[in-house]
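Residues per chain are reported as follows:
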Amino acid sequence: MSTPFYVSPQQAMADRAEYARKGIARGRSLVVMQYADGIVFVGENPSRALHKFSEIYDRIGFAAAGKYNEYENLRIGGVRYADLRGYTYDRDDVTARGLANVYAQTLGTIFSSAAEKPYEVELVVAEVGETPEGDQIYRLPHDGSIVDEHGSVAVGGNAEPVSSFLEQRHRDGMTLVEALKLAVQALSRDTNGSEREIPADRLEVAVLDRTRPQQRKFKRIVGRQLARLLEGDGTAASEAEEETSGGSGDSGDSGSSGAEK
Amino acid sequence: MDFLAEHQPELLPGKRQLPAQGVIEAPHGTTIVAATFPGGVVLAGDRRATMGNLISQRDMEKVFPADEYSAVGIAGTAGLAVEMVKLFQLELEHFEKVEGVQLSLEGKANRLSTMIRSNLGMAMQGLAVVPLFAGYDLDREKGRIFSYDVTGGRFEERAFAATGSGSLFARGAMKKLFREDLSEEQATTLVVQALYDAADDDSATGGPDVARRIYPLVTVITEEGCRRLTDGESSEIARAVLERRLEQPDGPSAALL
């Protein structure tokens, strides 16, 4: 019988972290940032069916980079957690902080359990408040730690240059059009500094809009509305924004279903 | 629901220990009516809850939006019914978030049917819940109504429906007043008329309360989604009905032949 090679715990952990990071880096990056009326999620996603962003609860949205089946698992877990919480207590008792803690526990346990391979995902949990000061954005890397972010955050493959680009240019109180344009600009920068064009139909965009009259603030921005926002200059900006907040009757609460129709 | 059953079964309505023999006095909701019109459906309920021969609440809400395109009105034991609606709403929302699409209207109606059936034990003890479900079918592009019985039987109604203690009178009124080509305003007036007739002949159904400004709750569901009439709008309809009834206490009369 052969004895297994000794691997120091430090080395084992470093290997696992390396493995997870490489997995995440293969995916495209995505951006979550605050704007005047809420939080916007922007990412490049050629697929119409496999979403990177989704609604968790009334004010809480979810974004993930990495392996689809793994983060989909976590997303459904999060929806269950939130719905069960809200049903048992009250809708107000479901918070992003609570949810981020649950995700951190899950990711942390999986990361350090030797029997399982670590999840190759990086999550963002965001909650829109009544005012911009009440907005919360948490980033959850693969190892189960929680980072409290402000303003803007980027995760995924090219995350570091994208987030430093955003950090320099993001300011509080941007309009949706400004925020969207900045995010797209950040995402179109390649690692070597050159820029490439991302067409609107390859973008996945969603917002948590605090001005929405409905209880559920999450809304996907698709099709014509997205194209209009991307073209929008200063004047069209306010119009388009009204469209997002007020004209939500058509797709209504069915944020996610609206995307498919 | 399955997840709930697995993890916290005590939260589900059907899993409770039944109370020992004996009648429980609990508030009951009374009359719910619904009618279709080209382009949608209206669902309305009176505001009274009774406990035996007492009025336990004057301004109870018995019509709830289930999701964007459907609403449910409840008659029967108020506590159980409100909980059932809450769970129903949760389930529709949960399905939508997990699957990314809404349940079909048929699917929603079937789900509610199962929930009513799980309450059969309680219903045998006198704590029945009999809702009325109405929604806009996006595929067929029309409003549809589903009525239920205590055993969970599900019946689709073609034009109008009523449930609760005053339903006999409300149904009679709608039978005489309903037409296929009602406009949205006419349909809302129709259901308020029907509720008035129910309140007229059934002691457990509340009529419009002008002194306290409590008027029936009316919900309109169309292609644009589910919308509850504001207090102002429903008071306007109720007052118009009341005004005419001062001259004709039995309401509009239909042609004899």
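Up top is the structure these notes are about.
These numbers come from a predicted model, not from an experiment.

Student: Explanation requested: the overall build of chain A in the structure shown.
Tutor: Helix and strand counts for chain A stand at 8 helices and 10 strands. By the burial criterion, 52% of the 261 residues in chain A qualify as buried. The contacts in chain A between residues at least 6 apart in sequence include a share of 67% that link residues at least 24 apart. Surface summary for chain A: the accessible area is close to 12,200 Å², and the carbon and sulfur share equals 49%.

Student: Honestly, the sheet that holds strand β3 (residues 40-45) of chain B in this entry has me stumped. Any pointers?
Tutor: Pairing between the strands of a sheet is mediated by backbone hydrogen bonds and can be parallel or antiparallel. All names here are of chain B. With antiparallel pairing, 5 strands are arranged side by side in an open sheet as β11-β2-β3-β12-β13. In this open sheet, the two strands that pair with only one neighbour each are β11 (160-163) and β13 (225-228). Across this sheet, the average inter-strand angle for adjacent strands is 15°, counted without regard to direction. Of the strands in this sheet, β2 (32-37) and β11 are in contact with helix α5 (residues 167-177), which crosses β11 at around 165°.

Student: Would you explain the side chain of A:His142 in this entry?
Tutor: All names here are of chain A. Relative to the assigned elements, His142 resides in the loop between β6 (136-140) and β7 (147-149). On the basis of relative accessibility, which here comes to 8%, the residue His142 falls in the buried class. Those residues in contact with His142, other than ones at most four positions away along the chain, are Ala17, Ala20, Arg21, Ile24, Leu107, Phe111, Tyr119 and Val121.

Student: For this particular structure, what's the right way to read the packing of helix α2 (residues 68-88) of chain A against helix α2 (residues 78-99) of chain B?
Tutor: In helix packing, the relevant descriptors are the interaxial angle and the interaxial distance, both defined with respect to the helix axes. Packing of α2(A) against α2(B) brings their axes to within 11 Å, and their N-to-C directions diverge by 165°. It follows from the interaxial angle that α2(A) and α2(B) lie roughly antiparallel. In the crossing of α2(A) with α2(B), the sense of the turn from one axis to the other is right-handed. Residues A:Glu72, A:Arg75, A:Ile76, A:Val79, A:Arg80, A:Asp83 and A:Tyr87 of α2(A) lie in contact with α2(B), whose contacting residues are B:Glu83, B:Lys86, B:Leu87, B:Leu90, B:Glu93, B:His94, B:Lys97 and B:Val98. Residue classes in the contact of α2(A) with α2(B) are distributed as 6 nonpolar, 1 polar and 8 charged.

Student: Is there a simple way to think about the pairing of strand β10 (residues 154-157) of chain B in this case?
Tutor: Residues and elements named next belong to chain B. Two strands pair when backbone bridges link them, and strand β9 (residues 142-148) and β10 are joined in this way by 4 bridges, in the antiparallel orientation. Its bridge partner being in β10, Ser147 is matched across the sheet by Phe155. Counted between consecutive antiparallel strands, the loop separating β9 from β10 contains 5 residues, among which Gly152 sits at a positive phi close to 95°.

Student: Can you help me understand the layout of surface pockets in this one?
Tutor: To find leftover empty space, one rolls a probe the size of a water molecule over the atoms. What the second largest pocket holds in volume is close to 580 Å³. A:Arg91, A:Gln215, B:Pro65, B:Gln89 and B:Glu93 are the residues nearest the centre of the second largest pocket, which is lined by 19 residues in total. Listing elements by their share of the lining of the second largest pocket, those giving two or more residues are α2 of chain A together with β6 (63-67) and α2 of chain B. In terms of residue count, α2(B) provides more of the lining of the second largest pocket than any other element does, 6 residues in total. Of the residues in the lining of the second largest pocket, the class split is 7 nonpolar, 4 polar and 8 charged.

Student: Teacher, can you tell me more about the nonpolar core here?
Tutor: When a protein is soluble and globular, its nonpolar side chains tend to lie buried together. Counting 31 residues, the largest nonpolar core has B:Leu4, B:Val72, B:Leu87, B:Phe88, B:Leu112, B:Phe133 and B:Tyr148 as its most contacted members. Looking at this core, the elements that each hand over two or more residues are α2 of chain A together with β6, β7 (70-77), α2, α3 (105-117), β8 (129-137) and β9 of chain B. For this core, the leading source of residues is α2(B), giving 9 residues. Counting 28 residues, the second-largest nonpolar core is a separate cluster that includes B:Ala35, B:Phe37, B:Leu182 and B:Tyr196.

Student: Whenever I open this one, helix α3 (residues 96-112) of chain A confuses me. Can you help?
Tutor: In an α-helix, one turn spans 3.6 residues, which is why side chains three or four residues apart end up on the same side. Residues and elements named next belong to chain A. For α3, with 17 residues, the first-to-last C-alpha span of 24 Å sits near the 24 Å given by 1.5 Å per residue. Residues of α3 that are buried: Ala96, Gly98, Leu99, Ala100, Tyr103, Ala104, Leu107, Gly108, Ile110 and Phe111. Looking at the buried side of α3, the elements it contacts are α1 (9-26), β4 (60-66), α2, β5 (121-127) and β6.

Student: What is the right way to look at a negative patch on the surface in this model?
Tutor: A grouping of B:Asp139, B:Glu141, B:Glu223 and B:Glu224 is seen on the molecular surface, where their side chains present a negatively charged patch. Mapping B:Glu223 onto the fold places it in the loop between β12 (217-222) and β13.

Student: Honestly, the pattern of salt bridges in this entry has me stumped. Any pointers?
Tutor: Two side chains carrying opposite charge are able to pair once their charged atoms lie near each other. Residues and elements named next belong to chain B. The final tally for this structure, using the stated rule, is 37 salt bridges over all chains. Between Arg111 and Glu91 there is a salt bridge; the shortest N-O distance is 3.2 Å. Here the residue Arg111 occupies a position in helix α3, and Glu91 occupies one in helix α2, the gap between them amounting to 20 residues. Residue classification places Arg111 among the partly exposed positions, given a relative accessible area of 22%. Classification of Glu91 as buried rests on a relative accessible area of 15%.

Student: Teacher, can you tell me more about the sheet that holds strand β9 (residues 203-209) of chain A here?
Tutor: All names here are of chain A. Spatially, the 5 strands line up as an open sheet ordered β8-β1-β2-β9-β10, and their pairing is antiparallel. Two strands bound the open sheet, and with one partner strand each, they are β8 (152-155) and β10 (218-221). The average angle at which neighbouring strand axes cross in this sheet is 15°, direction not considered. Pairing of strand β1 (residues 30-35) with β8 involves 4 bridges; the strand directions are antiparallel. Paired with Val32 across the bridge in β8 is Val153. Helix α5 (residues 176-187) rests against β1, β2 (38-44), β9 and β10 of the sheet, and its axis sits at about 30° to β2.

Student: Please clarify how the packing of aromatic side chains should be interpreted in this entry.
Tutor: Under the definition given, this model contains 7 aromatic pairs over all chains. Summarising the aromatic geometry, the rings of A:Phe62 and A:Tyr103 are spaced 5.7 Å apart at their centres and angled 50° between planes, so their arrangement reads as tilted. On the criterion of sequence distance, the pair formed by A:Phe62 in strand β4 and A:Tyr103 in helix α3 is long-range, its members being 41 residues apart. Among the aromatic residues, those joined into a ring-pair cluster are A:Phe41, A:Phe53 and A:Phe218. In this structure, B:Lys86 packs its charged tip against the face of A:Tyr87, placed 5.2 Å from the ring centre.

Student: Just to check I follow, could you spell out unusual backbone geometry for this structure?
Tutor: Working note: non-glycine residues mostly have negative phi, and peptide bonds are mostly trans. Residue and element names in this part refer to chain B. A positive phi angle, close to 55°, is found at Glu141, a residue other than glycine. Position of Glu141 among the secondary structure elements: in the loop between β8 and β9. Judged by relative accessible area, Glu141 falls into the exposed class, the value being 55%. For Arg213, which is not glycine, the phi torsion reads 55° and is therefore positive. Relative to the elements of secondary structure, Arg213 occurs in the loop between α6 (184-201) and β12.

Cut-offs used in this document
Residues numbered from 1 in each chain as written. Chains lettered and ligands numbered in written order. Predicted model: local features only at pLDDT ≥ 70, side-chain atom pairs only at ≥ 80, totals over all residues. Heavy atoms only, no water. Helix = DSSP H or I, 4+ residues; strand = E, 2+ residues; numbered from the N terminus. Buried < 20%, exposed > 50% of the residue type's maximum accessible area, 1.4 Å probe, protein only. Contact = heavy atoms within 4.5 Å. Areas by Shrake-Rupley, 256 points an atom, 1.4 Å probe, with all protein chains shown as cover. Pairing = 2+ DSSP bridges. Axes fitted to C-alpha atoms, helices over the stretch in contact; angles between N-to-C directions. Parallel < 35°, antiparallel > 145°, perpendicular 65-115°, else oblique. Left-handed = near helix turned anticlockwise from the far one by under 90°. Nonpolar A, V, L, I, M, F, W, Y, C, P; charged D, E, K, R; others polar. 1 Å grid on protein atoms, 1.4 Å probe; cavity = no way out; pocket = protein on both sides within 12 Å on 5 of 7 lines; lining within 4 Å. Points joined across faces, edges and corners; volume = space filled by probe spheres on them. Core = buried A, V, L, I, M, F, W, Y, C linked by side-chain atoms within 4.5 Å. Expected span 1.5 Å × (residues − 1). Patch = residues over 30% accessible without salt bridge, like charges linked within 9 Å, V, L, I, M, F, W, Y side chains within 5 Å. Salt bridge = Lys/Arg side-chain N within 4 Å of Asp/Glu carboxyl O. Lys, Arg positive; Asp, Glu negative; His and termini not counted. Charge placed at Lys NZ, Arg CZ, Asp CG, Glu CD. Phe/Tyr/Trp six-rings, centres within 6.5 Å; stacked < 30°, edge-to-face > 60°. Lys NZ or Arg CZ within 6 Å of the ring centre and 35° of its normal.

As far as function goes, none of this settles anything; it's purely spatial.
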